[in-house]
Amino acid sequence: MPPLLISRQRSLVLPIACSITYNFILNKVWNCDSRCVVSNATEGYMDNHLLHNFSLHSSYTRHFSIVEACSKSVCGDAYIGIPSDESFVKALRTEVALIDAGTFVESRDSANKPILYPTFEIVLKENKSLWPVVVLENQGLLYCALPLIQQEVVTQKDKADITLADLPGVSLAVEALNGLVQCAPLTSSMTSLNTALTMQVHQFVNTCMSFGRVTCSNPFLVSQLINPSGKGKAKPLWNPVPHKAKSQVIIHIKEEVRCMQFNHNEVRDAMDVYGSVTCKSEVEGTAPEICITLIQPGGNDQNINGGGLTVSSAVSSIEYTATTSRLRFRPCNNQPLCHYTLPHLTKPPIYGEFKLRLNKSLVTVYLQLQLQAGIRNHFQQLEAHIPFYGLQVSIVKPSSSVGSVSVQSGSTLVWNVGSKFPTKLLNATLSTVCKLRRKIDSSAEQEVGGKDMNGWEQFTSSCALVLFKMADYTYSGTRVDPQSIMVSSAPKVRCTVTTECVSSQYKIWNSEAEVPSVTDMPVQDLQKLLIE
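Residues numbered from 1 in each chain as written. Predicted model: local features only at pLDDT ≥ 70, side-chain atom pairs only at ≥ 80, totals over all residues. Heavy atoms only, no water.

K.L.:
Got a sec to walk through the overall build of the protein chain? Specific residues and values, please.
P.N.:
Counting secondary structure elements, the protein chain contains nine helices and 30 strands. Here the contacts in the protein chain between residues at least 6 apart in sequence split such that 68% fall between residues at least 24 apart. On the protein chain, roughly 27,900 Å² of surface is accessible, and the fraction owed to carbon and sulfur atoms is 52%. (Helix = DSSP H or I, 4+ residues; strand = E, 2+ residues; numbered from the N terminus. Contact = heavy atoms within 4.5 Å. Areas by Shrake-Rupley, 256 points an atom, 1.4 Å probe, with all protein chains shown as cover.)

Spelled out as structure tokens, the structure:
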């Protein structure tokens, strides 16, 4: 069973710079529960980041006292109550530098403060603070939520070792805020919170957070629950949209390959292969239980040892064998069932050699791509992008063994290889000469050459970004057998499995330039540099 999630959530919405402020507070969530929802429209204005006096114009409030009582019970003496709306808004604006932006605030501007966006620590009176307050911005408004997490994490002074991925309440807060953003079309130009908008927020909160528990934050599903399209028996919460076609289950595997190739003896190439599995179920009736068998040739040893495969909270059980992982779960459309990594794969699917030489205003580009033996030679997309940031590129002598060469956005050389490599050699070569210019202003351009070469050495340490996509294929061989899919309470279900393999930051660095590296400067040298 997944661990019990304890969270309290309060959400706040206000404009960055306008004459009206909206505050939506979703307070105290436990087990994804929400204690109260408050919507305030306040009159006031901001000038040069100064907050002027304002008065309450309209409000919407919804309380869930049971969640507040649970928060007091969990936190004990460390419990911090919810301040008034005006105090919270002022503290939040100070934290995000909407007021006192030109003044040093230690709690906000200290160099020792860890950056854990999108969470902020809101400092209140008497040296008390609320953390983690999740803050999102949309249409000039700030949406805020405060999830309740373990007491020892909240009271931990040094938050540098905290990983937000280990706090599921933060993810729930972000999901609820995104749903609220899409549900209520609020903008900073509005002058009041009218009845229609108040009703939309009220219906969203009642449906998304029944009795304070966050059950569904998808705006489309919430709208279907509020205004069902058809009459008849009640629809299940997990799938309120009427399904008239045959029942089906679609399993999708998306695998990504990330690679860094340097072609240097001193530096070793790096590669990562990882992927995710999602399930879309369209089955009538109650929520079914689904079982699938995930097959990973040669990649299950680390799963058995506790690594390589991470599952979501929707998975109720998992069984490992020599080459398979059997997952049992309930439907969770549009959410990954699991993520996997395969560190034993170290050979890239496409080898590359990239050379770039700069001679005054001319740049010579040589790029060769070699498809590894055993890789399927069929691509939906196969391109190589060579960016020259801040420059204007024009092709002088284009030459490629296959495909076409063009310039996109004025500064990126694009080589479209096509749908496959030549069958015999399985490689493709690009050799072209380009002319570089840089903009001085909107009406004049200047060639790169002579004294203007100073500082342009950075462009020799560039890379070629390879983009590829293959459908119905995974580089690692990860797959799901459609015959192994079992769906309870639905005897006749069509099961479909789709796969794709895409590139992710697949870079080939210039072999004739220095290898880019990041080094830590000693503290003493850094201090001397700052003093000078």
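After that view of the structure, there is still more to cover.
K.L.:
Pulling in residues and values, what's your account of helix α5 (residues 168-183)?
P.N.:
Because an α-helix packs 3.6 residues into every turn, residues spaced three or four apart end up facing the same way. Helix length check: α5, at 16 residues, gives a terminal C-alpha distance of 23 Å against a target of 22 Å (1.5 Å per residue), a fit within 8%. Taken together, the buried positions of α5 are G169, V170, L172, A173, A176, L177, G179, L180 and V181. (Expected span 1.5 Å × (residues − 1). Buried < 20%, exposed > 50% of the residue type's maximum accessible area, 1.4 Å probe, protein only.)

K.L.:
Describe the nonpolar core, naming the residues involved and giving the relevant values.
P.N.:
Among the nonpolar cores identified, the biggest contains 60 residues, and I292, I350, L367, L369, F468 and Y475 are the most heavily contacted of them. If we ignore the near neighbours within four places in the chain, the residues touching L367 are E353, F354, A384, W415, A428, T429, L430, A464 and I508. (Core = buried A, V, L, I, M, F, W, Y, C linked by side-chain atoms within 4.5 Å.)

K.L.:
Quick rundown of the state of the cysteines? Include the residues and the values.
P.N.:
Tallying each qualifying case throughout the model produces zero disulfides. Among the cysteines around C495, which has no disulfide bond, C279 carries the closest sulfur, lying 8.9 Å off. On the accessibility criterion, C495 (22% relative accessible area) is partly exposed. (Disulfide = S-S within 2.5 Å.)

K.L.:
Lay out the packing of aromatic side chains in plain terms, naming residues and giving numbers.
P.N.:
Under the definition given, this model contains four aromatic pairs. The interplanar angle of 80° and the centroid separation of 6.3 Å between the aromatic rings of F379 and F468 together place this pair among those described as edge-to-face. A residue pair is termed long-range when its members are at least 10 positions apart, and F379 in the loop between β20 (362-371) and β21 (381-387) and F468 in strand β27 (residues 463-471) qualify at 89 residues. Here F379 matches F468 in class, with each residue buried. (Phe/Tyr/Trp six-rings, centres within 6.5 Å; stacked < 30°, edge-to-face > 60°.)

K.L.:
Please give an account of the pairing of strand β16 (residues 315-320) that cites residues and values.
P.N.:
In terms of strand pairing, β16 meets strand β17 (residues 324-329) through five bridges, oriented antiparallel. Counted as the bridge partner of V315 is F329 from β17. (Pairing = 2+ DSSP bridges.)

K.L.:
Which residues make up the pattern of salt bridges, and what values do they have?
P.N.:
Inspection of the entire model under this criterion finds eight salt bridges. Here R108 and D109 are joined by a salt bridge, their closest N and O atoms 3.0 Å apart. On the basis of relative accessible area, D109 is assigned to the partly exposed category, the value being 33%. (Salt bridge = Lys/Arg side-chain N within 4 Å of Asp/Glu carboxyl O.)

K.L.:
Give me the packing of helix α6 (residues 195-208) against helix α7 (residues 219-226): which residues, what numbers.
P.N.:
As a packed pair, α6 and α7 sit with axes 10 Å apart at the nearest point and diverge in direction by 95°. Here α7 runs roughly perpendicular to α6, going by the angle between their axes. Of α7, the residues touching α6 (which contributes Q203, F204 and T207) are V222, L225 and I226. Its residues assigned to classes, the contact of α6 with α7 shows four nonpolar, two polar and no charged. (Axes fitted to C-alpha atoms, helices over the stretch in contact; angles between N-to-C directions. Parallel < 35°, antiparallel > 145°, perpendicular 65-115°, else oblique. Nonpolar A, V, L, I, M, F, W, Y, C, P; charged D, E, K, R; others polar.)

K.L.:
Requested: an account of the environment of V497, with residues and values cited.
P.N.:
Looking at the element boundaries, V497 is found in strand β30 (residues 494-509). Judged by relative accessible area, V497 falls into the partly exposed class, the value being 22%. Beyond its immediate stretch of four places on either side in the chain, V497 contacts I251, V480, P482 and I485.

K.L.:
Talk me through the pairing of strand β12 (residues 248-261); I want residue IDs and the actual numbers.
P.N.:
Regular strands show a simple pattern: their side chains alternate between the two faces of the sheet. In the sheet, β12 pairs with strand β13 (residues 270-282) via 13 bridges, with the strands oriented antiparallel. Residue C259 lies in a different strand from β13, and its bridge partner there is M271.

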